[in-house]
Amino acid sequence: METVRRCHRVRLLTRRHHHTDTARPRTGSDFMTDRLTAGVLGTGIMGAAMARNLLRAGLAVRVWNRTRAKAEPLAADGAYVADTPDEAVRGADVVLTVLHDGPAVLRTMRQAAPGLRRGAAWVQSTTSGIEEVGEQAGLAREHGLVFFDAPVLGTRAPAEAGQLVVLAAGPGGDRQAVEPVLRAVGSRTVWTGEDGADAAATRLKLVANSWVLAATNATGEVLALSKALGVDPQSFFDVIAGGPLDMGYLHAKAALVLEDRLSPASFAVNTAVKDARLIVDAGRRHGVRLDVAAAGAERLARASAQGHGEEDMAAAYFASFEEEGQAGQDG
């Protein structure tokens, strides 16, 4: 297929920029190229970082974001900033979606439909519900796209470094078409199945996120309890140091709270609320009670309601306190 042939070519091409006349604004036609072209829909924390890594890998990149201001900085890196989703995917060999949730993915891809090229690959990296993945695969079939369920593990720093872990499911015969994209954004790809519609990658992502969110909420509660009981958190860290209860993630998230470094977020509270609810819903639909996950979802939602929605999810710490003043950490 044409996409696969383009993937072969991209390895032979240098990371040159398409020549344009600097005396005039660059337009969409300036970005038409024989390099592999990726259309990135969504340039938030993760999408912007992934788009930059695609550019560094030598791909031609067209980007769109609902709030254009979040996409515009990518122009300085060489991306074409589109006004609409269909403009962003026009001529793209690979479409990469990194949006807030499943409904946003479906809505945006329907808006992109006029610009989609039949035979293009769709790498869907938004964390969605299991049933939503089936709807996305159906939309892909409707428009002749090769669908890859491909959520990622990682937050801001690994995204910026191109060190995400990509969890992917999609047809083996078409994987070569998306390999340049997956290599650019991740340190490794874990293939979970041949059919993206089965949502095998999303299922694994929800399991992994259930652990991440549980650990995040536990970190907040141990800090809150330490404060309430007059215990220096460092004493707790010293007690568990070097043993099986010690973990780098605990120290990393605790430091964000103790050192008041919750902004900019590596992974925002509002996004964590969405993912937590997806986890609880997945458990319910498959006959299991996830009491800790349910309580964690409520805890994150409470922190968001307190005004911490755009801060790092470690700000779930504040949900332990009825009044903001109670939460202050001693210097």
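## Remarks on the pairing of strand E2 (residues 60-64)
It is a general feature of regular strands that their side chains alternate between the two faces of the sheet.
Thought 1: With five of five residues buried, E2 lies mostly within the body of the structure.
Thought 2: Taking every second residue as pointing to the same face, both faces of E2 are buried, with Ala60, Arg62 and Trp64 on one and Val61 and Val63 on the other.
Thought 3: As paired strands, strand E1 (residues 37-41) and E2 are joined by five bridges and run parallel to one another. Residue pairing across strands places alanine 38 opposite valine 61, the latter belonging to E2.
Thought 4: In this fold, the crossover linking E1 to E2 by way of helix H2 (residues 45-56) has right-handed handedness.

## Observations concerning the environment of alanine 140
Thought 1: Residue placement: alanine 140 occurs in helix H6 (residues 130-142).
Thought 2: Ignoring any residue separated from it by four or fewer positions in sequence, one finds alanine 140 in contact with Trp122, Leu145 and Phe147.

## Topic: the packing of helix H9 (residues 200-229) against helix H11 (residues 248-258)
Thought 1: The interhelical angle for the contact between H9 and H11, taken along N-to-C directions, is 50°, at an axis separation of 10 Å. By the angle between their directions, the pair H9 and H11 is classed as oblique. Judged by the twist between their axes, the crossing of H9 over H11 is right-handed. Facing Val212, Ala215, Thr216, Thr219 and Leu223 of H9, the residues of H11 in contact are Tyr249, Leu250, Lys253, Ala254, Val257 and Leu258.
Thought 2: Its residues placed into classes, the contact of H9 with H11 shows eight nonpolar, two polar and one charged.

Quick notes on the rules
The residue numbering used here restarts from 1 in each chain and proceeds along that chain's sequence as written. Residues qualify for local features only when their pLDDT is at least 70, as the model is predicted, and side-chain atom pairs are given and counted only at 80 or more; totals for whole chains, interfaces and linings, by contrast, use all residues. To obtain the side-chain values, all non-hydrogen atoms of the structure were included, while hydrogens and water were left out. The cut-offs for exposure are 20% and 50% of the maximum accessible area for each residue type, with area from a 1.4 Å probe on protein chains only; residues under the lower value are buried, those over the upper are exposed, and the others partly exposed. The secondary structure listing takes helices from DSSP runs of H or I that are at least 4 residues long and strands from runs of E that are at least 2 residues long, numbered from the N terminus. A pair of strands is considered paired only if DSSP assigns at least 2 bridges between the two. Seen with its strands pointing away from the viewer, a crossover is right-handed when the path leading from the first strand over the helix to the second is clockwise. Whether two residues are in contact is decided by their heavy atoms, any of which lying within 4.5 Å being enough. Fitted lines through C-alpha atoms serve as axes, helices being fitted only where they are in contact, and the angles separating the N-to-C directions of these axes extend from 0 to 180 degrees. Here is the rule for angles: anything less than 35 degrees is roughly parallel, anything more than 145 is roughly antiparallel, 65 through 115 is roughly perpendicular, and the remaining ranges are oblique. By convention, the crossing between two helices is left-handed when the near helix turns anticlockwise from the far helix through less than a right angle, and right-handed when the turn is clockwise. Nonpolar residues are Ala, Val, Leu, Ile, Met, Phe, Trp, Tyr, Cys and Pro. Charged residues are Asp, Glu, Lys and Arg, and all others, Gly as well, are polar.

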